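Spelled out from the first residue to the last, the chains are:
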Amino acid sequence: MGLFTLPTVALFILLTLSLAFVHEGIPTTLDGPFKPVTVPLDKSFRGNAVDLPETDPRVKRIVKGFKPEQISVSLSGTHDSVWISWITGEFQIGDNIEPLDPKTVSGVVVYGRYGFPMTNRSTGNNSLVYNQLYQFEGLKNYTSGIIHHVRLAGLIPNTLYQYQCGDPSIPAMSRVSYFKTMPVSGPKSYPSRVAVVGDLGLTYNTTSTVDHLLANRPDLLLLVGDVSYADLYLTNGTGSDCYSCSFPHTPIQETYQPRWDYWGRYMQPLVSKVPIMVIEGDHDIEQQAGNQTFVSYSSRFAFPSEESGSSSTLFYSFNAGGIHFIMLGAYTAYNKSADQYVWLEKDLANFDRNVTPWLVATWHPPWYSTYVAHYREAECMRVEMEDILYKYGVDIVFNGHVHAYERSNRVYNYTLDPCGPVYITVGDGGNREKMAIAHADEPGNCPEPCTTPDKFMGGFCAFNFTSGPAAGKFCWDRQPEYSAYRESSFGHGILEVKNETHALWSWHRNQDFYGYAGDQIFIVRQPDSCPVTANVTQNN
């Protein structure tokens, strides 16, 4: 080998490959921590936060009888299986509703590799109908169409499939659609582009976000909570971008469930081809009679909960190539004795960093946000869970909830830490509640501590800081050093993992030309400098 030993050559090759991905002018996290940047508000792009009306052709029901609609694809726990979901039959809303019988329509998917006959067939036994019921006179009840979830197994990784779903005995089958499976899990195997968006809703801004997202040709879509915003409506269809302001005397937080059907119809051209993975947000709670919550969210989407050892649709995990995603619930118990924490500890202890080097976590309300909106609202969750995520070396955290964009420096316990995660808030998908624009560190903007706890979860954990530049204060008096970049604009993000150590993150604003990134950085893992607790299988 001359001057070079095998380890030296291997290291040289790895460094060469890593550097090849670092395009000129794009910073890396190794260049940080970065001086905080605040982009001035573009006041010209705050309008049009108006919901699509039910008369819009993109949300109207165009199928007849029991033909499938609202078709979507979701990932299962591993690359060799996916879920196909759809709805047959019409919803009902009113005083006297009679739920459809799920047993009357079968759920069948016929499929095959693209270019080959669709000779494979899977039949589901997960058909269901859900209700949104109220015990108060004058409020209209809702019952859905028949929702089908069918799991396809034994799929080939990184392969394009074609499929039809429905009930061939009626006959009532969909048109042929397509999806691509995830690559096999491994340290050199990744989906090309993972799109990340939060707080989407169904406004004209939403349509701009989705159009931009489609132009980036994602292989997977992460929706980090707050889906349809049906809870900004009364059951009679009257809506507002501030429910509590417009309807302060309603006996219960109403929700107009047809908005979920409109959302499913609008999204079908995207999510019938690109797998979507969702985690719940506060607007998905939708309390109803009997104190039931999250019924629409849990019914309409398929989740790999069982495959990942979870007992709930509100938290689960899955692999996408060499990335292990953990989807956490901020609106279910997260204390150390709760089912979610016990599951999380087990999930983190069992995933293999040699197989999935990247660890990405997602939940709805951010721990690190400098906006007045929802400032330190999820502090109790951070207190309970931050240590274990740091211990296992989470690389990136995606959140929504705050309707703006913000990217952090690597941070742990409010302190700059080269081994902490990069926190990215993308709650700027386009919902009708408009943008968050005020920062808690600006004069006169610091909220009263008593106003910050999450109303649904309760509890108070957000005390004054005890050390650092903000010691003795509830808010910083300048943009915190952990906040690297913040901007109030609608948009979405794209994550491109290049290898075991480098991932390119790009955030795209709706007001920009397609393909232009408003914020871009290479997130670099340093496994040698930041050893973590993990179950790593030794190579033979």
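Everything quoted here is computed from the prediction, not taken from an experiment.

Here's the deal with the UniProt feature "domain: Calcineurin-like phosphoesterase" (unreviewed entry) in the protein
As annotated by UniProt and renumbered to match this structure, "domain: Calcineurin-like phosphoesterase" (unreviewed entry) occupies residues 193-405. Along residues 193-405 one finds 29% helix and 15% strand; the C-alpha atoms at either end are 19 Å apart.

Comments concerning the sheet that holds strand E9 (residues 146-152)
Here 3 strands make up an open sheet; going across it, the order is E2-E3-E9 and the pairing antiparallel. The sheet terminates laterally at strand E2 (69-75) and E9, the two strands that pair on one side only. Between one strand axis and the next, the sheet turns through 20 degrees on average, direction left out of account. Pairing analysis gives 5 bridges linking E2 to strand E3 (residues 82-88), with the strands arranged antiparallel. Residue pairing for E3: valine 73 is matched across the bridge by isoleucine 84.

Notes on the nonpolar core
Core analysis: the largest hydrophobic core is formed by 119 residues, its most contacted members being Ile84, Leu221, Phe318, Phe325, Leu389, Phe398 and Trp505. In terms of residue count, helix H4 (residues 258-271) provides more of this core than any other element does, 7 residues in total. Sequence-distant contacts of phenylalanine 398, that is, excluding residues within four places in its chain, are made with Val196, Leu222, Val224, Val360, Ala361, Thr362, Trp363, Ile424, Leu495 and Trp505. Counting residues in each nonpolar core, the second largest holds 6 residues, with Tyr371, Met435, Ala436 and Phe490 among its members.

What about the pairing of strand E24 (residues 483-487)?
Burial analysis of E24 places 5 of its 5 residues in the buried class, the great majority of the element. Taken together, the 4 bridges between strand E20 (residues 405-408) and E24 define a ladder with antiparallel strand orientation. Within E24, the residue paired with serine 408 across the bridge is serine 483.

Re the state of the cysteines
Throughout this description, disulfide means a covalent bond between two cysteine sulfur atoms. Throughout the structure, instances matching the rule amount to 4 disulfides. Bridging cysteine 419 to cysteine 530, the disulfide has an S-S length of 2.1 Å. The S-S bond linking cysteine 419 to cysteine 530 shows a torsion near -80 degrees; that makes this disulfide left-handed. Within this pair, whereas cysteine 419 is found in the loop between strand E22 (415-416) and strand E23 (422-426), its partner cysteine 530 is found in the segment after strand E27 (519-524), the two being separated by 111 residues in sequence. Each disulfide in the protein links cysteines that, numbered along the sequence, combine into the pattern 1-2, 3-6, 4-8, 5-7.

Basis of the calculations
Residues numbered from 1 in each chain as written. Predicted model: local features only at pLDDT ≥ 70, side-chain atom pairs only at ≥ 80, totals over all residues. Heavy atoms only, no water. UniProt positions renumbered as here; feature names shortened; annotations may be inferred. Helix = DSSP H or I, 4+ residues; strand = E, 2+ residues; numbered from the N terminus. Pairing = 2+ DSSP bridges. Axes fitted to C-alpha atoms, helices over the stretch in contact; angles between N-to-C directions. Core = buried A, V, L, I, M, F, W, Y, C linked by side-chain atoms within 4.5 Å. Buried < 20%, exposed > 50% of the residue type's maximum accessible area, 1.4 Å probe, protein only. Contact = heavy atoms within 4.5 Å. Disulfide = S-S within 2.5 Å.

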